[in-house]
Structures are given as C-alpha cells and as structure tokens.
Amino acid sequence: MAHAFRTPAIPRRRSSLAPTARTLAENLWLPALFLAGLLFSYLVAFHQPAPHHIKVAVAASPQSTAQLQDDLDRATPGAFDLVPVGTLRDAKSAVAHQDAVAALEPQGNSFQLYGAKADGAALESVVLNAFTGAAQHAGKALHFHELVPTLPGDGLGSTGTYAALACTLPCYFVVIGMQRAVGFNRRRQCLTFLGCGVLIAGLSYVFSVYGLHALPEHPLLLLYLFLLTQAISLTAYGLVPFFGRFFPGVAATLFMLLGMPSSGGMVPVALVPEFFRFLHPILPLGNAVDAVRSVAYLDHTKLARPTLALAGWAVGGLVLILLGCVKQRRKLRAQEAPDEASTLQPAPVDDPSMELPAPTSLTPHHHHFGEQQPLLVGRVVDDSDFPVAGAVLTVTTGHGRELLRARTDANGEYAATGLPDGYVLALVSRPEHMPSARRVLIDASRTTTQDFQLAAPLRKPGLPVNGGAVGITPTQERPERH
C-alpha cells in the first residue's frame, strides 16, 4: 500500500519591505526634499533665464516709443515694457528711483542707452543685447553709458546678495544646533539668536565693506543684514513646536529652496519664471537683497516694502514662539494629575519621533565638547544607600510607548537625552529588587535629576513574595540649571 508523504509546509517569512520602506522614508526625507527642491526650484528658475516685462524709460514721444515697442515685441514678445517720459533727465531719474532698469534716448542716427549695473550685471547685459539688436534692425548705432556703477570690488553687482546669503544659512543652522542645547529655555535661546545675529551680520558687513571693498560703508547695510538674521532665526525657531522634527525641511524650503531662486541675486528676478517673481517681494532673502542694493547704490529708494517685510517676518517669528509656548503650557496642564490615582495613567505626550534629537541613553559622565547633553540623570540605590549597578531604566509615554532603555553603571548612575517636553513615566527594575516608578516632568531648558531607591522584596513565613506591585510615588526630580 502506497503511503503518500506530504512535505510539511514551510511558513513564509513575513515581508520586511514595508518596514524597510518606512524606515528609509523616515530617515531620508530631508535629502529627498533637497533633491526635489534643487530639481524643481533651482533648475526651473535658472535653466533658461528670459526677460519678463523689464521696464525701460524712453525719452521720446509716445508714437516713437510705441513703434520701438512693436519692434522689440516681434523679437522677444513680453520681454520689455517701454515707458515714454518727457526728457532724458526724467528717464535717468526713473532708473535712479528704481522705476525702470534702463533709460533710452533715440537721438538722430543713434540710440543712447543708460544702464544700471547696481541692478545686476546679468540684467544690464540682457538689456544691452536686446537694444543692440533693435538698433541694428533700425539701422542706427548704439552708445551705452553706465548710469549707476558699482564699486570696483563688486564688478558683477552681486556682493550684496552673497552678504545676505551669509546671514541666512548660518542662522538656519544656529536654530538647528540650539535644539540640542540643554539648559537653554526659550528666553535664553532667543537671546542666543539675537547675539548670533549681531555677530553674523557684523562679520558679513565688515568683510564685505572693509575686507573686499565691495560695498560702501553705510550703517543701514548693517541694520538690514541684522533684520534678515532675526527674520530667519526667529521664524525657524517658531516653527519647531508645530512641525517637530520636520521643521528643518519647512524652514529650508522657505528660506533656501524657494528663497534663493526668488531673491533676484543670483539671477535677476526679471529673468525667472512668474512663480518666483511672485515670491520675491514676500520672502526675506529677496527683500534683504533689494534693501542692500537700494542703500548701497540707489539712494535709499523703495525701502518701505523691504523694511516692512523683514520686520514682519521677525515679528511673525516672535508670534509663533509665543503660540508655541501657549501650546506647551496647555499640554502640560492636560498632563497634570489632580490626585495621585491619576498618575497611574499619565496624559499622552506628543510622539517623540517628531522631536529633536531622538531619545538616547548616555554614558553617565561629565559632558564633553561635541557630545549630547543629558536631559534626565539620576542614581539608583538600595535600602542601604548602596549603588545598584545593572538596573534597567525604562522611559515610556503615557500611552505606554517605550522611548528608551538605559542601564546604570557601577556607581548606580544613568543618563538619557532626546526626551520630549512634558511628563514621562520612568521605571527602574532589577532582579531580586522591587521595581520603582516615577512620573517625571521633562523640560528641555534644564537637566532633571531623578533618583530611585529599590527595596528588596520581603518574605514572611507562609506568605508569598509581595506580588511585585509597582508603587508610583510623587515626583522627586531636582532641576539642575546650567
């Protein structure tokens, strides 16, 4: 009789594709954002600069101006808007007051063109090339005159842009760095941004004016560079409570991926697509570039909009900081327990994955330069006040989500960082000891010290060991202010 043998089914391994994809997405979203930003922002803005409605003041009659406009529109439709003015003096005044980028005077058998390198050498070159072609088509000669030259050290008229850029990137990274500054509350962090802004703006000004001789000596330049530092740092810092770990991406999108192409510094704003021209008077970097150019070369004209915009961003950042403070206080009030029984189930805290930095256990020792500072430290002892080595500290949220585990060293000490602001539950356990738990308030502006005492289980004749109940006692943390 034949016996049928059936091969035992081999259980399929659960696919790890989904967890892997999630892990990659959670950790690679920032470089992916920069890749997308560089492709769809920088390349779109800069790959093929084309003039859009560049205003040129023409010292000629409306009829002659209209004829010239038709000739230009046939060559480059929509590139130039010619505005007839009464005299050459009026045309030059329009350039000096930023109502036009160039002045033109048709004169007999020639065109007299007056440009402003202060608006950027690239823009001046576009205007010069266009009117050279128009003059040749009309059978006339073109004579070019520099109306608003730049300093010898600023040959391309772009030094102000790079001085403003030097005030943008460092401020962004200062905010990121200060997220790990344990011992700095909001007030101290804002004072740090203020001090760093003074230093960054001062260095940019001194190096541009006295080091490179590329900008004129004028105190207003320093003021606008400082306003830019505060617009960047305060706004970026204000975004932290609302976007958590994603705030670097939001800030980078605003101030770099969109701010730089729309600044009008690297490529004149009149040569970029409409979307970036729309952003130019809104974002801080473009307003700072306009303000620096106006103060340096254009007789302080058209300063109202850049001043209001930069001040508005700084004030908006302060408002975000205040709203973040209110948000945190409401969260803490919601977590506060009215009685001891409610400490068994603390109110939930924000997902720690949204905070900077990530929860991490540290080796207990004095903080060295470049290492993370601890947010929670303490010592575990037994009934006789002897240190308990090898005890395990488990920190969880109110929902029971584990944040981290740490182990005490030979001195019974532990250290941890990266915990979210608010209440967490800290549980210490070790074999042959009763576990102990505390509800601890974490505050990023200080290091909290929480000690534990582990009691050994008591045995009585005929009675089993006390069932291992965990007693949650009132918080005993001791703040250590730095």
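Computed from a predicted structure; not experimentally measured.

## Looking at the nonpolar core
Grouped together as the largest cluster of nonpolar side chains are 65 residues, with contacts concentrated most on Leu-215 and Leu-228. Considering every element that reaches this core, the biggest residue donor is helix H8 (residues 219-243), with 12 residues. For Leu-228, the contacting residues outside a window of four places in its chain are Ala-164, Cys-167, Thr-168, Pro-284, Leu-285, Ala-288 and Leu-310. In this structure, Ala-45, Ala-60, Ala-102 and Ala-270 belong to the second largest nonpolar core, which totals 24 residues.

## Side note on the UniProt feature "transmembrane region" (unreviewed entry) in the chain
Feature annotation in UniProt assigns "transmembrane region" (unreviewed entry) to the following positions: residues 28-46, 190-210, 222-243, 250-271 and 307-326. End-to-end, the C-alpha atoms of residues 190-210 are 30 Å apart, and along that stretch the chain is 100% helix and 0% strand. Between the first and last C-alpha atoms of residues 222-243 the distance is 32 Å; the span itself is 100% helix and 0% strand.

## Here's the deal with the pattern of salt bridges
Under the definition given, this model contains four salt bridges. Between Arg-74 and Asp-71 there is a salt bridge, with its nearest N and O atoms 2.3 Å apart. Taken together, the residues span about one helical turn, with Arg-74 and Asp-71 both in helix H2 (residues 62-75) at a distance of three residues. Here Glu-402 ties to Arg-405 by a salt bridge, and the two come within 3.4 Å at their closest N and O atoms. For Glu-402, a relative accessible area of 42% gives the class partly exposed.

## Some details on the packing of aromatic side chains
On inspection of all chains with the given rule, the structure shows nine aromatic pairs. With a centroid separation of 5.5 Å and an interplanar angle of 70°, the aromatic rings of Phe-80 and Phe-131 are classed as edge-to-face. Of this pair, Phe-80 sits in strand E2 (residues 80-85) while Phe-131 sits in helix H4 (residues 121-137), placing them 51 residues apart in sequence. Accessibility classification places Phe-80 together with Phe-131 in one group, the buried group. The cationic tip of Arg-188 hangs over the ring face of Phe-184; the distance from NZ or CZ to the ring centre is 4.3 Å. Above the plane of the ring of Tyr-423 lies Arg-439, whose end atom (NZ or CZ) is 4.0 Å from the centre.

## Topic: the sheet that holds strand E3 (residues 102-107)
Spatially, E2-E1-E3-E4-E5 is the arrangement adopted by the five strands of the open sheet, whose pairing is mixed. Only two strands of the sheet have a single neighbouring strand rather than two, namely E2 and strand E5 (141-146). With direction set aside, neighbouring strand axes in the sheet form an average angle of 25°. With six bridges connecting them, E3 and strand E4 (residues 110-115) associate as antiparallel partners. Within E4, the position partnered with Gln-107 by the bridge is Ser-110. Helix-sheet contacts for helix H3 (residues 88-96) involve strand E1 (54-59), E2, E3 and E4, and the interaxial angle to E3 is about 160°. Contacts from H4 reach E1, E2, E3, E4 and E5 within the one sheet, and its direction differs from that of E5 by about 160°.

## Let's talk about the side chain of Thr-159
Mapped onto the elements of the fold, Thr-159 is located in helix H5 (residues 159-166). On the basis of relative accessible area, Thr-159 is assigned to the buried category, the value being 12%. Residues in contact with Thr-159, not counting those within four places in the same chain, are Gly-153, Asp-154, Ser-208, Ala-214 and Leu-215.

## Points about the confidence of the model for the chain
Within the chain, residue pLDDT values average 84, and 85% of them lie at 70 or more. Across residues 338-355 the pLDDT falls below 50, and counting only partners more than four positions away or on other chains, this stretch makes 34 contacts in the model. A low-confidence stretch, residues 465-482 (pLDDT under 50), is modelled with 44 contacts involving residues beyond four sequence positions or located in other chains.

## A look at the pairing of strand E12 (residues 436-442)
In terms of burial, E12 is largely enclosed, as seven of its seven residues are buried. Taking every second residue as pointing to the same face, both faces of E12 are buried, with Ser-436, Arg-438, Val-440 and Ile-442 on one and Ala-437, Arg-439 and Leu-441 on the other. Relative to E12, strand E11 (residues 422-429) runs antiparallel, the two being bridged by seven bridges. Within the sheet, the bridge partner assigned to Val-428 lies in E12 and is Ser-436. Two successive antiparallel strands, E11 and E12, enclose a turn made up of six residues, where Glu-432 displays a positive phi of approximately 70°.

So, how was this worked out
Residues numbered from 1 in each chain as written. Predicted model: local features only at pLDDT ≥ 70, side-chain atom pairs only at ≥ 80, totals over all residues. Heavy atoms only, no water. Core = buried A, V, L, I, M, F, W, Y, C linked by side-chain atoms within 4.5 Å. Buried < 20%, exposed > 50% of the residue type's maximum accessible area, 1.4 Å probe, protein only. Helix = DSSP H or I, 4+ residues; strand = E, 2+ residues; numbered from the N terminus. Contact = heavy atoms within 4.5 Å. UniProt positions renumbered as here; feature names shortened; annotations may be inferred. Salt bridge = Lys/Arg side-chain N within 4 Å of Asp/Glu carboxyl O. Phe/Tyr/Trp six-rings, centres within 6.5 Å; stacked < 30°, edge-to-face > 60°. Lys NZ or Arg CZ within 6 Å of the ring centre and 35° of its normal. Pairing = 2+ DSSP bridges. Axes fitted to C-alpha atoms, helices over the stretch in contact; angles between N-to-C directions. pLDDT = per-residue confidence, 0-100.

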